[in-house]
Amino acid sequence: ATYVTTAGDTSITIGGGIANGEIAVTGAQPSSDKGGFNLGVSAVTGDLTVGVGYADGDTFVSSADTAANTEVDGSVLKAGIKYVTGDITLALGMTAGEAKDSTTFGTADTTDDSNDSTSASVTYAVASGVSAVLGYTTVDTSNDGTSSTDGGSAWYVGATMSF
């Protein structure tokens, strides 16, 4: 569902959804069915846009090989802000995701996996349809409560073109 309204000179969009599914499996039963929800809101005032969203859910993957069964209970929070001033766009975003996974149906895992990231960029409109981008991203991850080497940080320089 989506609801759009205005408050003064600010346009506000609120959205959300719910999903749910039940399933019967042979062998070990999962401790929860598939399902989840999401909520989000964005506000635009002139050249400033702010948005935030949250989702939470449960899922599982089942296969003929019992050792491959996996249950996941996770949530994610995302937020971002963008400001346009003339030919320059400034953007900042963050994501914080957390999940518990278990390869044993009916037994919830007790340690968290996580993926947290922060990104920032400056985009300059060089010419009509051509923009230069300078950005930075940092990612921190953990698996079963232990810091992972999958994270890191990077600077990037690039260009975008549209026709």
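Thresholds, definitions, all that
Residues numbered from 1 in each chain as written. Predicted model: local features only at pLDDT ≥ 70, side-chain atom pairs only at ≥ 80, totals over all residues. Heavy atoms only, no water. Helix = DSSP H or I, 4+ residues; strand = E, 2+ residues; numbered from the N terminus. Contact = heavy atoms within 4.5 Å. Phe/Tyr/Trp six-rings, centres within 6.5 Å; stacked < 30°, edge-to-face > 60°. Buried < 20%, exposed > 50% of the residue type's maximum accessible area, 1.4 Å probe, protein only. Pairing = 2+ DSSP bridges.

### Some details on the environment of Gly145
And then number 1: Relative to the helices and strands, Gly145 is located in the loop between strand E8 (130-143) and strand E9 (146-147).
And then number 2: Ignoring sequence-local partners within four residues, the contact set of Gly145 consists of Thr111 and Asp112.

### So, the packing of aromatic side chains
And then number 1: Applying the stated criterion across every chain yields a total of two aromatic pairs.
And then number 2: Geometrically, the ring pair formed by Phe37 and Tyr54 is tilted, given 5.9 Å between the ring centres and 45° between the ring planes. Remark: Tyr54 occurs in strand E4 (residues 48-61) and Phe37 occurs in strand E3 (residues 34-45); sequence separation between them is 17 residues.
And then number 3: The exposure class of Phe37 is partly exposed, given its relative accessible area of 35%.

### Some words on the environment of Gly46
And then number 1: Locating Gly46 in the fold gives a position in the loop between E3 and E4.
And then number 2: With 35 residues separating them along the chain, Gly46 and Ser11 place their C-alpha atoms 9.2 Å apart.

### Details of the pairing of strand E5 (residues 70-85)
When a strand is regular, its side chains alternate between the sheet's two faces.
And then number 1: In terms of strand pairing, E5 meets strand E6 (residues 88-102) through 15 bridges, oriented antiparallel. By the bridge assignment, Thr85 is partnered in E6 with Ile88.
And then number 2: Two successive antiparallel strands, E5 and E6, enclose a turn made up of two residues, where Gly86 displays a positive phi of approximately 65°.

Coordinates in, geometry out; function isn't part of it.
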